Amino acid sequence: MGEGDLGLRYWNSRISRRRVLAGAAATAAAAGSIAIVGCGGGSKNNGGGGNGGNGGALPTARVQDGYQDGPAKPGGILRVRQATALPSMNPFGPGILTLAQGLTLGFTVFDHMWYVPTDTGEVELFLATKVEQPDAQTVIATIGDATFQEKQTFASSGASGRKIDAEDIVQSFKRYREEVGIGFDFLHDIMEDITSPGPMQVKITTKFPWAWIFTSSNAGSPLVSNIMPKEILHGWEDKLTQDAIGSGHWILAGHENGANIRFRKFPKFRTFQNGRDITGQPYLDGVDFVYITDDNAALAAFRTGDIDTYGFSGRKEMEDTQSQLGDKIVTGQDLSRDYLNLMMIYEPPFTDIRVREAFNKLIDRDEAILLLNDGDALKCGPIPPAHKKYVLPDNDPTVQDYFTPNVAEAKKLLDAAGWDYNQEWELKHSNRPVDSSLAQVLQQQLSRGGVKIKLVQEDLVKWFSQTLNQSQFKLTCFQHLPYEDPDLPLRFYLSAKEGRSNFMKYGEDEVDKAVLAAAQELNEEERVKKVQEAQRVVMKHYSPMLNILSAINFGARYAYVKGSITGRGSYGLFNRTTWLDKA
Amino acid sequence: MTRYALRRLAWLPVILFAVSVIVFVILRELPGQDPAAAIAGQGARPEDLAAIRHQLGLDQSLPRQYAEYMKNVLSGSFGHEYNSKREIFCAPWNSGDCLFWDKFEPTAQIIGLGLFFAVLFGVSFGVISAMYRNSVIDYIVRVFAVIFSSIPEFFLLTLLIVIPSYLWNYAQPSGGYVRLWDDPMHWIRLMLPASFILGISGSAGLMRLTRTTMLEVLRSDYIRTAHAKGLRQHTVILAHAMRNAGTPIVTAIGTAFIAVFGGNIIVERILSIQGLGLWFFTAALIRDIPVVQFLAVYTAFIVVLMNLIVDLSYGFIDPRVRYS
């Protein structure tokens, strides 16, 4: 099953351990990062081959589809941790603050036409029963029968308990498009239009061919592809701040000012998925999010059985807990899709490729892995190593060169570029512990080449909304959100499109061409090659977002929690196949 | 005394007005404080930011914004929280309609209980320590006072969580605060141990202050006279010494009492309590101007009020105090 705090772990495990950060800021960017639970027998490594560009065994959780534990026993309430209270239940609204509730509800209350798991990259049909692509810029989805939940709050709208039609999906997409987009995004920059040619058909057209259209960064997003009743998309904001109505498998049963959120089974949830009969799902009666802000309290709650799952801060914590609880719990690890990076503004002197290459050569990724993650991470190139289908192999010459630090060579490059060693450069970072720690490591490493770095810490909201969003930096570093496919990691290198530039204000024709070639290649086999080629081009240009590492996540669940979906990215967050085997 | 109190209270609106103006200007004018940018986040275009500013009324002139704000305040509304859109403050008999009382209740209870234990232990042990000066009891109490004043309360609270879970497979109840009558055991398990720890931690300083003050008083002639008259020890202490030592102790308690109304973010976070401290911090972080504005003025109100109450209490404690 997926991690209990449903994507909030990304922020909470990183920030709440040592710093007191606001709940709202912490919920500000929920993501699909999940801790991993399980393989059988408490074994720590779930296998996985060396398919990443990073050497050695890839600690990817064994792929389990949720049916591996035999016939499910219906009933029971799963209890998972909620580290921060959601400021509102409204999935709309500008900016990052709505990501939290949108994603939380996106994996629970709202249904979607499809979802693309990280491991296969293949479309899994949800409400859609058929998808056709008559041409490179058109997708036509036929949806099956489903109804919205019955919610008293929205009874007067006419949406409560109503059958879903295609226009609900069309209007939902359009409603999300009214909001401020985040970066170069699907709804604003790629999607041309969305219509309903028939009551059960949805047609999406794009401005140009877009191979990633189905993924969770695009039309399969667990946020912007939320299916909501068209009646409540406007004028119901007051109600939406407190309640939600969708057609997903969980009904929002209640909460306390955004904390202790309770979901209960939607008995009329659709019975089909990807050609399979899923009658009876979800097997659980519900999921309770238990509000626990403090990490120590959360671990204590897990140890005593107050919550059923937990995401550890590191391997030691996992081993310690395993030694205490033994066979009562099942632990596991998986490679995260989030990654750390150093970003440079594309202005002099960073427009000089020699400077960028020098910086890259000063970064010792192995050392960073040791210092920041106690060795439990893998080196990261333009796309995170978790995207094993697409990531370049270890023995690729470009990768080998890119990942090899060389201080002497870096100094030569800086000298050749006329680097001013007297100038001090501000490296801005947020006050999240992971970003602060990364900044300190980078300062130390860059100083070996004579680069003077001054660390400037900013509070998270200011850093995000101004420093990063408005590109008010020369250097900045942070942890990227985890993305389920290579699209977004590569999109960050694309130059300005219709006024939305990347954070670095970077633009290189060859990089654009390579990234877009991959994004517009509809043949999967060819796309893999083009994604790999795009990575080589990015590395060759030392594009000014130097990715450093992706951490390994450690998690556990109690052994009575069955039916977990593992190794499939955020797909497990839906928890439809989860069940409890309590005697 | 009544006239004195009224005179002090007359300054209250002036002080609150000044605080509200200062906070109002700071929240809107200082660099990096643009709530529109904070709300809009990345990718926001200038027109998007302009739309948000217009929605929040931030595109009007500062005096106009303040006039609008005061108009609302005088009609009983302190505005709405940005994200939840809920009313920030309302009358206690309508407490379900706004956020303030939801946050105030748990804060007041945990901090209030903590203060109760702090006063109980601090004053009691301070008196005992003074009475048995330089005895074993005195040394033990003073050592504990030094220890507990050195250890931060959040560390003690963390130990309270970690140690029982390791040793006895016991954890504090999860899910944060619940009302006593909704789940008495949950309330007792969450609030009492934590407030006890807070009390012990807070009592250290109060104990030392009480001891010092009492020692000074116990050396006085009138105490010697009281003993000479044959009064019992507890009568001397309670009826004579305590009253004379009371002023600085009451001052310290009064200052600590402000936290009852203002919250303690670290405590709230460790205990998963959605209290005032966490609310204030969150609002400041995400530039939720109405909430920050309200809580700043509210804090000023509490500080002024508590100072007045403490000042007035001097008159009851020490009859020699007269208010001119």
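A quick note: this is a predicted structure, and the numbers were derived from the prediction, not measured.

A word on the environment of Ile309 of chain B. All names here are of chain B. Considering the arrangement of structural elements, one finds Ile309 in helix α13 (residues 289-317). Ile309 sits in the partly exposed class, given a relative accessible area of 45%. Sequence separation between Ile309 and Ala5 is 304 residues, and the spatial gap between their C-alpha atoms is 8.9 Å.

All names here are of chain A. Evaluation of the coordinates by the stated rule reveals 48 salt bridges over all chains. The salt bridge partner of Glu510 is Lys540, with a shortest N-O separation of 2.9 Å. Remark: Lys540 occurs in helix α17 (residues 524-540) and Glu510 occurs in helix α16 (residues 509-519); sequence separation between them is 30 residues. Three or more residues are tied together by salt bridges with common partners; here these are Arg162, Asp165, Asp168, Lys230 and Glu231.

For the rest of this paragraph, the subject is the state of the cysteines. This structure, assessed with the given rule, holds 1 disulfide over all chains. Two residues, Cys90 of chain B and Cys98 of chain B, share a disulfide whose sulfurs are 2.2 Å apart. Here the disulfide of Cys90 of chain B and Cys98 of chain B is left-handed, its torsion about the S-S bond being about -65 degrees. In terms of burial, Cys90 of chain B and Cys98 of chain B fall into one category: buried. Distance from the sulfur of Cys477 of chain A, which forms no disulfide, to the nearest cysteine sulfur (Cys380 of chain A) is 15 Å.

All names here are of chain A. Where burial is concerned, most of helix α9 (residues 353-362) is hidden: 8 out of the 10 residues are buried. Residues of α9 that are buried include every one of Val355, Arg356, Glu357, Ala358, Phe359, Asn360, Lys361 and Leu362, and no others. Measuring from the side-chain oxygen of the N-cap residue of α9 to the backbone nitrogen of Arg354 gives 2.9 Å; that N-cap residue is Asp352.

Moving on, we get to the sheet that holds strand β5 (residues 128-135) of chain A. Residues and elements named next belong to chain A. Taken together, the 4 strands give an open sheet; going across it, the order is β5-β6-β8-β7, and neighbouring strands pair in antiparallel fashion. One side of each edge strand has no neighbouring strand; the edge strands of this open sheet are β5 and β7 (191-198). Neighbouring strand axes in the sheet, compared pairwise and without regard to direction, differ in orientation by 20 degrees on average. Packed onto the sheet, helix α4 (residues 166-177) meets β6 (138-143), β7 and β8 (201-206) and runs at close to 160 degrees relative to β7.

With that out of the way, let us pick up the sheet that holds strand β2 (residues 77-82) of chain A. Residues and elements named next belong to chain A. Overall, mixed pairing links the 4 strands, which are arranged β2-β13-β10-β9 in an open sheet. Looking along the sheet, the strands with just one partner apiece sit at the ends: β2 and β9 (250-256). This sheet shows a mean twist of 20 degrees between the axes of neighbouring strands, independent of strand direction. Across 3 bridges, strand β10 (residues 259-265) lies against strand β13 (residues 286-291) in antiparallel orientation.

Once that is clear, we can look at unusual backbone geometry. Residue and element names in this part refer to chain A. In the segment running from Gln281 into Pro282, the intervening peptide bond is cis, with an omega of 0 degrees. A cis geometry characterises the amide bond from Pro348 onward to Pro349, with omega recorded as 5 degrees. Located in the positive-phi region is Tyr542, a residue other than glycine, with phi close to 45 degrees. Within the secondary structure, Tyr542 sits in the loop between α17 and β21 (545-558). Of note, the phi angle at Asn575 is positive, near 60 degrees, even though the residue is not glycine. Of the residues examined, Asn575 reaches a relative accessible area of 6% and is grouped as buried.

Among the nonpolar cores identified, the biggest contains 222 residues, and Met113, Trp114, Ile204, Leu342 and Phe359 of chain A are the most heavily contacted of them. Looking at this core element by element, the count peaks at 12 residues for α13 of chain B. Each of domain 1 (2-97) and domain 2 (103-317) of chain B accounts for three or more of the residues forming this core. Excluding residues within four positions of it along the chain, Ile204 of chain A makes contact with Met113, Trp114, Gln137, Thr138, Val139, Phe186, Met191, Asp193, Ile194, Ile213 and Ala219 of chain A. Listed in part, the 14 residues of the second largest apolar core include Leu206, Ile223, Val236 and Ala241 of chain B.

Quick look at the environment of Asp69 of chain A now. Within the secondary structure, Asp69 of chain A is located in the loop between β1 (64-65) and β2. If near-sequence neighbours (up to four positions away) are discounted, Asp69 of chain A is found in contact with Lys562, Gly563, Ser564 and Trp579 of chain A.

What follows is about the pairing of β13 of chain A. Counting buried positions over the 6 residues of β13 of chain A gives 6, a clear majority of the element. The side-chain alternation of β13 of chain A yields two buried faces, one formed by Gly286, Asp288 and Val290 of chain A and the other by Val287, Phe289 and Tyr291 of chain A.

Residues and elements named next belong to chain A. The element strand β18 (residues 424-430) is extensively covered by neighbouring structure, given that 5 of its 7 residues are classed as buried. One ladder, built from 2 bridges, connects β18 with strand β20 (residues 475-480); its direction is parallel. What sits directly across from Lys428, in β20, is Thr476.

Moving on, we get to the domain arrangement of chain B. Size of an interface: often given as the accessible area lost when the parts come together. Residue and element names in this part refer to chain B. Entries for chain B in the domain assignment read domain 1 (2-97) and domain 2 (103-317). If you look at the interface, domain 1 gives 26 residues, while domain 2 gives 20 residues. Regarding the contact of domain 1 and domain 2, the summed buried area is about 2,200 Å², with carbon and sulfur atoms giving 74% of it. Looking only at domain 1, the three residues that lose the most surface to domain 2 are Arg8, Tyr82 and Ile88, adding up to 23% of its buried area. Counting across the interface, domain 1 meets domain 2 through 1 salt bridge.

What follows concerns a nonpolar patch on the surface. All names here are of chain B. Together, Phe154, Phe155, Leu159, Ile163, Tyr166, Leu167, Trp168 and Tyr170 line one region of the surface with nonpolar side chains, adding up to about 810 Å² of accessible area. Of note, Ile163 is situated in helix α7 (residues 153-167). Residue Ile163 is classed as partly exposed on the basis of its relative accessible area of 37%.

All names here are of chain B. With their axes 9 Å apart at the nearest point, helix α12 (residues 276-285) and α13 run at an angle of 135 degrees to one another. When the axis of α12 is compared with that of α13, the two are oblique. Regarding α12 and α13, the two cross each other, and that crossing is left-handed. Together, Leu276, Trp279, Phe280, Ala283 and Ala284 of α12 and Val291, Val292, Leu295, Ala296, Tyr298 and Thr299 of α13 make up the contact between the two elements. Within the contact of α12 with α13, the residues separate by chemical class into 10 nonpolar, 1 polar and no charged.

Further remarks concern the packing of aromatic side chains. Residue and element names in this part refer to chain A. Inspection of the entire model under this criterion finds 52 aromatic pairs over all chains. Look at Tyr558 and Tyr560: their rings are 5.4 Å apart centre to centre, the planes differ by 15 degrees, and that puts the pair in the stacked class. Taking relative accessible area as the criterion, Tyr558 reaches 6% and is therefore assigned buried. Here Tyr560 falls in the buried class, since its relative accessible area comes to 18%.

Definitions and limits used
For every chain, the first residue of the written sequence is number 1, and numbering continues from 1 onward in sequence order. Just so you know, chain letters begin at A and ligand numbers begin at 1, following the order they were written in. Where local features are concerned, this predicted model is filtered to residues with pLDDT of at least 70; where side-chain atom pairs are given and counted, the filter is 80 or more; whole-chain, interface and lining totals use all residues. Just so you know, side-chain values use all the structure's heavy atoms and leave hydrogens and water out. Secondary structure elements follow DSSP: runs of H or I no shorter than four residues count as helices, runs of E no shorter than two count as strands, and numbering proceeds from the N terminus. To sort residues, take the accessible area from a 1.4 Å probe on protein chains only and compare it with the maximum for the residue type: under 20% means buried, over 50% means exposed, and anything in between is partly exposed. Should a side-chain nitrogen of Lys or Arg be within 4 Å of a carboxyl oxygen of Asp or Glu, the pair is scored as a salt bridge. We call a pair of cysteine sulfur atoms a disulfide when they lie within 2.5 Å. The term polar contact refers here to a pair of N or O atoms within 3.5 Å; inside protein, the definition further demands a hydrogen-donor-capable atom paired with an acceptor-capable atom, and it admits residues adjacent in sequence only when both atoms are side-chain atoms. Pairing between strands requires that DSSP locate at least two bridges from one strand to the other. Axes here refer to lines fitted to C-alpha atoms; in helices the fit is confined to the stretch in contact. Angles between the N-to-C directions go from 0 to 180 degrees. By definition in these notes, contact holds between two residues if any of their heavy atoms fall within 4.5 Å. Think of a nonpolar core as a cluster: buried Ala, Val, Leu, Ile, Met, Phe, Trp, Tyr and Cys residues, connected wherever their side-chain atoms sit within 4.5 Å. Note that the domain bounds were set by an automatic or database domain assignment. As a working definition, buried area equals the accessible area (1.4 Å probe) given up by two parts on being put together, with both sides summed. Patches here are clusters of residues that have more than 30% relative accessible area and form no salt bridge, with a 9 Å joining cutoff for like charges and a 5 Å cutoff for nonpolar side chains (Val, Leu, Ile, Met, Phe, Trp, Tyr). Only the protein chains shown count as cover for residues, with accessible areas throughout obtained via the Shrake-Rupley method and a probe of 1.4 Å. Any angle between 65 and 115 degrees counts as roughly perpendicular, while under 35 counts as roughly parallel, over 145 as roughly antiparallel, and the rest as oblique. Helix crossings are classified by the rotation of the near helix relative to the far one: an anticlockwise turn of less than a right angle makes the crossing left-handed, while a clockwise turn makes it right-handed. Residue polarity follows a fixed list, in which Ala, Val, Leu, Ile, Met, Phe, Trp, Tyr, Cys and Pro are nonpolar, Asp, Glu, Lys and Arg are charged, and the others, Gly among them, are polar. Ring pairs are drawn from Phe, Tyr and Trp, using the six-membered ring of Trp, whenever the two centres fall within 6.5 Å, and their geometry is named by plane angle: stacked under 30 degrees, edge-to-face over 60, tilted for the rest.

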